[in-house]
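Remarks on the overall topology
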Amino acid sequence: MRGSPCAFSFACSVNKYDKKGGDVMRITADDLKVIKDVYRLKLDEIAAMLGVSASYVCRIIRGNRSMTKRVSDRIVERFQLTPEKLDRIHAVYEEFNFK
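So, here's what we can say about the structure. Note that this is a predicted model, so its numbers are computed, not measured. (Residues numbered from 1 in each chain as written. Predicted model: local features only at pLDDT ≥ 70, side-chain atom pairs only at ≥ 80, totals over all residues. Heavy atoms only, no water.)

1. What about helix H1 (residues 29–38)?
Burial analysis of H1 places 7 of its 10 residues in the buried class, the great majority of the element. Looking one or two residues beyond H1, the residue adopting positive phi is Arg 40, at roughly 55 degrees. (Buried < 20%, exposed > 50% of the residue type's maximum accessible area, 1.4 Å probe, protein only. Helix = DSSP H or I, 4+ residues; strand = E, 2+ residues; numbered from the N terminus.)

2. Remarks on unusual backbone geometry
Non-glycine residue Arg 40 carries a positive phi angle of around 55 degrees. Position of Arg 40 among the secondary structure elements: in the loop between H1 and helix H2 (43–50). Judged by its relative accessible area of 68%, Arg 40 falls in the exposed class. Backbone geometry at Gln 80 places phi at a positive 50 degrees, although glycine is not the residue there. Note that Gln 80 resides in the loop between helix H4 (69–78) and helix H5 (83–95).

3. Considering the pattern of salt bridges
Going through the model one piece at a time under the given rule, you end up with 4 salt bridges. The residue Asp 73 makes a salt bridge to Lys 69 at a minimum N-O spacing of 2.6 Å. Taken together, the residues Asp 73 and Lys 69, both in helix H4 and 4 residues apart, mark about one turn of the helix. (Salt bridge = Lys/Arg side-chain N within 4 Å of Asp/Glu carboxyl O.)

4. Some points on the nonpolar core
In summary, soluble globular proteins display a tendency toward joint burial of nonpolar side chains. Core analysis: the biggest nonpolar cluster contains 23 residues, and Ile 27, Leu 32, Val 71, Ile 75 and Leu 81 have the highest contact counts within it. Listing elements by their share of this core, those giving two or more residues are H1, H2, helix H3 (54–62), H4 and H5. The biggest single contributor to this core is H3, with 4 residues. Those residues in contact with Val 71 that lie beyond four places of it in its chain are Leu 50, Val 52, Tyr 56 and Ile 60. (Core = buried A, V, L, I, M, F, W, Y, C linked by side-chain atoms within 4.5 Å. Contact = heavy atoms within 4.5 Å.)

5. Some points on the packing of H2 against H3
For the pair H2 and H3, the least separation of the axes is 8 Å and the interaxial angle reads 105 degrees. By the angle between their directions, the pair H2 and H3 is classed as roughly perpendicular. Of the residues in H3, those in contact with Leu 43, Asp 44, Ile 46 and Ala 47 of H2 are Ala 54, Val 57, Cys 58 and Ile 61. Taken together, the residues that form the contact of H2 with H3 break down as 7 nonpolar, no polar and 1 charged. (Axes fitted to C-alpha atoms, helices over the stretch in contact; angles between N-to-C directions. Parallel < 35°, antiparallel > 145°, perpendicular 65-115°, else oblique. Nonpolar A, V, L, I, M, F, W, Y, C, P; charged D, E, K, R; others polar.)

Here's what the structure looks like:
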């Protein structure tokens, strides 16, 4: 995925609701790549934060594996993400040409 242009529609969705009626934020593979790059994390570092293997994170980023809701939820929790914060992370990614 490196070198390829990311389509930034800021595809995290916040329009789904959990059983208690609150918003549920889902993270995409592109979001994960952007977070990894902006925070300058290695695959093994982000994998350890999420409790998964580095190869699993790599497969998600490359689009070879779907991200589970559990992993998406962990990303939101570990990085204390809100839609606004995720938008800022994407803006930094674009501004500093991490592509």
